[in-house]
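# Descriptive analysis of the structure
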Number of protein chains: 2
Amino acid sequence: LSKQPLYVIKIGGNVIDDAEKLSAFIRAFAAINGHKILVHGGGKLATRLAEQLGIEQQVVDGRRITDTETLRVVTMVYAGYVNKTLVAQLQAAGSNAIGLTGADGNAILAHKRQHPAIDYGFVGDIDSVNAAWLHSLLREQIDIVMAPITHDAHGQLLNTNADTIAQEIAVALSEYYTVDLIYCFEKPGVLSNAADESSVIGQIDPNSYLRLREEKLIFAGMIPKLDNAFRALEKGVRQVMIGKAEELSLVIERKSGTAIVPHT
Amino acid sequence: LSKQPLYVIKIGGNVIDDAEKLSAFIRAFAAINGHKILVHGGGKLATRLAEQLGIEQQVVDGRRITDTETLRVVTMVYAGYVNKTLVAQLQAAGSNAIGLTGADGNAILAHKRQHPAIDYGFVGDIDSVNAAWLHSLLREQIDIVMAPITHDAHGQLLNTNADTIAQEIAVALSEYYTVDLIYCFEKPGVLSNAADESSVIGQIDPNSYLRLREEKLIFAGMIPKLDNAFRALEKGVRQVMIGKAEELSLVIERKSGTAIVPHT
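So, a few notes on the structure that sits alongside this text. Just so it is clear, the structure is predicted and the values come from calculations on it, not from any experiment. (Residues numbered from 1 in each chain as written. Chains lettered and ligands numbered in written order. Predicted model: local features only at pLDDT ≥ 70, side-chain atom pairs only at ≥ 80, totals over all residues. Heavy atoms only, no water.)

The parts lose accessible area when they come together, and the size of an interface is often stated as this lost area. Taken residue by residue, the interface counts 37 residues in chain A and 37 residues in chain B. Both faces considered, chain A and chain B share a buried interface measuring about 2800 Å² in area, 66% of it formed by carbon and sulfur atoms. Three residues, Met-76, Tyr-81 and Lys-84 of chain A, lead the burial of chain A against chain B; their summed loss comes to 19% of the area buried on that side. Here chain A is connected to chain B by 2 salt bridges. We note a salt bridge from Asp-104 of chain B to Lys-84 of chain A, for which the minimum N-O separation is 3.0 Å. Counting the contacts that link chain A with chain B gives 10 residue pairs in polar contact (both at pLDDT 80 or more). Those elements giving two or more residues to the side of chain A that touches chain B turn out to be helix 3 (45-52), helix 4 (68-92), strand 5 (97-100) and helix 5 (131-139) of chain A. Counting residues per element, the side of chain A that touches chain B draws most heavily on helix 4 of chain A, at 14 residues. (Contact = heavy atoms within 4.5 Å. Buried area = accessible area lost by both parts, 1.4 Å probe. Salt bridge = Lys/Arg side-chain N within 4 Å of Asp/Glu carboxyl O. Polar contact = N/O pair within 3.5 Å; in protein donor to acceptor, adjacent residues only side chain to side chain. Helix = DSSP H or I, 4+ residues; strand = E, 2+ residues; numbered from the N terminus.)

Below, the structure written as structure tokens:
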């Protein structure tokens, strides 16, 4: 018996902050024929709310430190406003969506990050994904919308990176489905020339990845993303796509964006 | 085949605002042996956040007018902070809880309130409860935590009275379960003397309700609550209990609080 396809799609803040992009994305997501999970970040709303409330944001090595007040803000914005706005819009577009955090149904268990030098506060690193339960929801034609908040099973909510959540969900659900993991971002894919949006690299496998890195055609911020993508492939994900949110339908058909694939 | 019991329990803001009361309530809720749904209000947090953000709160006839900014605040506080904090604490106490709004899985469909004179803004009146889906969750031993936010299926979230949500859920699920609807509030039950907490009326049926009203032993704010309770009984709910959140276990066993029952 061959596995059914599942699309795990991550959208970043730039989509959430732009009503037009978001609306195009919502329509494209709802139109996907089959099982799907949306993982979202928070956009600028959390930063703006923290500012309005006079909560100082500490960033160390590009990572936001999550103190008690910041955790409250991200829980309100990610799990409340953003998650439920997405769910309501998806319902209107014909997707039977439900919004979850990792605490709901113990969907994603995490622990507070331990670091020898930096106290990240209430930042969670993932221990496990409750794939069996998520599978039981998907089986009932429910689309899952996951906010980047997890829990430690001892009552503590934890702020968790949305890219990592998408990856861990994709890997865990590979047990039940043929999973495509799709990262939607500002650019139309991985570019061989950062200044030229028409320079999208259509496909990257481990060999071409090595070559692209040697030729320094792949820039700094993209390297951890691609490393994670290859790790997901090693753990059972079929392919990882990187493309524009507004072009989701084309990205899924591999007519737009970059496909990260295993050794070909 | 006799129906299994289901407890639909509503907690008000006074429980949410008090860490000690809440902790006692969480333990008692998690300890209930059987199917259960928690419906929560928002407490003072929404009012406080609106104040901090400089959003003016308009109250007409004791009802909060929900403009766009206020809807964002209640969605963040109710569906985000309060709902997910309750879920995480319930998970820690051994209840496999998931938090929902009426938008999630189209659980509660509502429409924007129409009123000839007052524009309530984004306030929702309930059209229907997706009882079949809530039943399918309960059947998997999932405890549902419902925030007082619904949707109109056209992409609009709506602020909806938590007492009414509890009542409508209790009525709708009477198709599948023998439902007890439990309102937890500050007082130990319906009092025959508002100043004396030991004057709890143990049981009220339609006849004694008439008598209590004639004797003016039931005060103003309690009348709509009791009217709603009797309406729920007429529509299939087995009994309605009114009691203290911290005494939930005793209220369920009818050792504390007031039982509203049909004609005896």
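Past the structure itself, the notes keep going.
A word on unusual backbone geometry. Here Gln-141 of chain A, not a glycine, exhibits a phi torsion of approximately 65°, which is positive. Tracing the chain through its elements places Gln-141 of chain A in the loop between helix 5 and strand 8 (143-146). Despite not being glycine, Asn-106 of chain B shows a phi value in the positive range, around 55°. Its location among the elements puts Asn-106 of chain B in the loop between strand 5 (97-100) and strand 6 (108-112).

What follows is about the relation of the copies chain A and chain B. When chain A is fitted onto chain B, the two copies agree to an RMSD of 0.0 Å after a turn of 180° and an axial shift of 0.0 Å. The transformation just described matches what one would write down for a two-fold rotation axis. Relative to the rotation axis, the closest C-alpha in chain A is found at Gly-80 of chain A, a distance of 1.8 Å. Interface overlap between copies: 100% of the residues of chain A at the interface are likewise at the interface in chain B, consistent with a symmetric, same-surface contact. (Least-squares fit on C-alpha atoms with pLDDT ≥ 70 in both.)

Quick look at the pairing of strand 2 (residues 35-40) of chain B now. All names here are of chain B. A large share of strand 2 lies buried, amounting to 6 of its 6 residues. Burial along strand 2 is two-sided: His-35, Ile-37 and Val-39 and Lys-36, Leu-38 and His-40, pointing in opposite directions, are all buried. Strand direction decides the pairing type here: strand 1 (residues 4-11) and strand 2, joined by 6 bridges, are parallel. Counterpart to Leu-6 in the pairing with strand 2 is His-35. Pairing analysis gives 3 bridges linking strand 2 to strand 8 (residues 143-146), with the strands arranged parallel. Each bridged residue has a counterpart across the sheet, and for Leu-38 the counterpart in strand 8 is Val-145. (Buried < 20%, exposed > 50% of the residue type's maximum accessible area, 1.4 Å probe, protein only. Pairing = 2+ DSSP bridges.)

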